[in-house]
Amino acid sequence: AQSVAQPEDQVNVAEGNPLTVKCTYSVSGNPYLFWYVQYPNRGLQFLLKYITGDNLVKGSYGFEAEFNKSQTSFHLKKPSALVSDSALYFCAVRDRDQAGTALIFGKGTTLSVSS
Amino acid sequence: EAGVAQSPRYKIIEKRQSVAFWCNPISGHATLYWYQQILGQGPKLLIQFQNNGVVDDSQLPKDRFSAERLKGVDSTLKIQPAKLEDSAVYLCASSRLDRHSEQFFGPGTRLTVL
């Protein structure tokens, strides 16, 4: 069965500092991995995805994520946090090798960036 | 490019009443999804359509929930009768056919069942 774990309910960081939001996954085959961000009273917005190839994926708003197959992780990173990055972040996984499998989301991590 | 549209944005009903949500996906997106997002949790897939056929409805409580996608475009999700535990945000998303395509989400409908 597929699953996603976001071990931190909340991450606090000061503006200008680097940020990391952690995600680990479990699939029986190879994964497609996604990060989404959700602002209050808004739907989810796509940030980036890993399909294949380069393990470092660059996405919107200066975010990037590193796929680590041996650690089954896909942590979201940004070199310098902005107050406007404060939001709820979701990691999601789909098994590439099993047709018809759904996208499974983690429970989310609230990022709070202080000025 | 217009995004995924949903209506209504908010709905308050009493238990045992019925409610319907509407979704208009991004033009040209063959795949449409309905998710339920309970407070403090990630979205959970209720049903997935490809064009106007159902791909996955394994987590849809079929005794009370129903969904349709007529003509492979707009979709409606209905709950009848509603229970207290149905209080959640209902998100609609659409994507291209490729399994690695990202999903684009609408703003959601916040349902409160009293």
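Everything in this summary refers to the structure shown in the same document. (Residues numbered from 1 in each chain as written. Chains lettered and ligands numbered in written order. Predicted model: local features only at pLDDT ≥ 70, side-chain atom pairs only at ≥ 80, totals over all residues. Heavy atoms only, no water.)

**With respect to the packing of aromatic side chains**
Next, step 1: Scanning the entire structure with this criterion turns up 15 aromatic pairs over all chains.
Next, step 2: Centroid distance B:Y35 to B:F105: 5.5 Å. Interplanar angle 40°. Geometry classified as tilted. One end of the pair, B:Y35, is in strand β4 (residues 31–37); the other, B:F105, is in strand β10 (residues 104–105), and 70 residues separate them in sequence.
Next, step 3: Owing to a relative accessible area of 0%, B:Y35 belongs among the buried residues under this scheme.
Next, step 4: On the basis of relative accessible area, B:F105 is assigned to the buried category, the value being 10%.
Next, step 5: Feature note: the residues A:F34, A:Y36, A:F46, A:F90, A:F105, B:Y33, B:Y35 and B:F105 constitute an aromatic cluster, connected by ring pairs.
Next, step 6: Positioned above the aromatic ring of A:F63, the side-chain terminus of A:K78 is 5.0 Å from the ring centre. (Phe/Tyr/Trp six-rings, centres within 6.5 Å; stacked < 30°, edge-to-face > 60°. Helix = DSSP H or I, 4+ residues; strand = E, 2+ residues; numbered from the N terminus. Buried < 20%, exposed > 50% of the residue type's maximum accessible area, 1.4 Å probe, protein only. Lys NZ or Arg CZ within 6 Å of the ring centre and 35° of its normal.)

**Description of the sheet that holds strand β3 (residues 19–24) of chain B**
Residues and elements named next belong to chain B.
Next, step 1: Spatially, β1-β3-β8-β7 is the arrangement adopted by the four strands of the open sheet, whose pairing is antiparallel. Where the open sheet ends on each side, the last strands, each with one partner, are β1 (5–7) and β7 (65–68). For this sheet, the mean inter-axis angle between neighbouring strands, taken without regard to orientation, is 15°. (Pairing = 2+ DSSP bridges. Axes fitted to C-alpha atoms, helices over the stretch in contact; angles between N-to-C directions.)

**Section: the side chain of A:Q38**
Next, step 1: With respect to the element layout, A:Q38 can be found in strand β5 (residues 31–38).
Next, step 2: Within the local environment of A:Q38, its side chain forms a polar contact with the backbone oxygen of A:R42, the two atoms lying 3.1 Å apart.
Next, step 3: Leaving out residues up to four positions away in the same chain, A:Q38 has contacts with A:G43, A:L44, A:A87, A:L88, A:F90 and B:Q37. (Polar contact = N/O pair within 3.5 Å; in protein donor to acceptor, adjacent residues only side chain to side chain. Contact = heavy atoms within 4.5 Å.)

**Concerning the interface of chain B and chain A**
Next, step 1: Every contact between the two is made by 22 residues of chain B and, on the other side, 24 residues of chain A.
Next, step 2: Together, the buried faces of chain B and chain A total about 1800 Å²; carbon and sulfur atoms form 49% of this surface.
Next, step 3: Ranking the residues of chain B by area buried against chain A places B:R99, B:H100 and B:E102 at the top, with a combined share of 37%.
Next, step 4: The tally of links between chain B and chain A comes to one salt bridge.
Next, step 5: A salt bridge links B:E102 to A:K49, with the shortest nitrogen-to-oxygen separation between them at 2.7 Å.
Next, step 6: Remark: the boundary between chain B and chain A carries four residue pairs in polar contact (both at pLDDT 80 or more).
Next, step 7: Ranked by the residues each element gives to the side of chain B that touches chain A, the list is headed by β4(B), at three residues.
Next, step 8: Considering only residue class, the side of chain B that touches chain A consists of eight nonpolar, nine polar and five charged. (Buried area = accessible area lost by both parts, 1.4 Å probe. Salt bridge = Lys/Arg side-chain N within 4 Å of Asp/Glu carboxyl O. Nonpolar A, V, L, I, M, F, W, Y, C, P; charged D, E, K, R; others polar.)

**Some thoughts on the environment of A:F105**
Next, step 1: Its location among the elements puts A:F105 in strand β11 (residues 104–105).
Next, step 2: Remark: the alpha-carbon pair of A:F105 and A:Q2, spanning 103 residues in sequence, is separated by 9.7 Å.
Next, step 3: Not counting residues within four places of it along the chain, the set of residues in contact with A:F105 comprises A:V4, A:Y36, A:L44, A:F90, A:C91, A:A92, B:Y35, B:G42, B:P43 and B:F105.

**Considering the nonpolar core**
Next, step 1: Residues A:W35, A:L47, A:L48, A:F74, A:L76 and A:Y89 are the most contacted members of the largest nonpolar core, which totals 27 residues.
Next, step 2: Counting residues per element, the ones that place at least two in this core are β2 (10–14), β3 (19–21), β5, β6 (44–50), β8 (64–68), β9 (73–78), β10 (87–95) and β12 (109–114) of chain A.
Next, step 3: Considering each element in turn, this core owes the most residues, four residues, to β10(A).
Next, step 4: Counting residues in hydrophobic clusters, the runner-up holds 21 residues, among them B:V4, B:F49, B:L60 and B:Y90. (Core = buried A, V, L, I, M, F, W, Y, C linked by side-chain atoms within 4.5 Å.)

These values are about where atoms sit, not about what they do.
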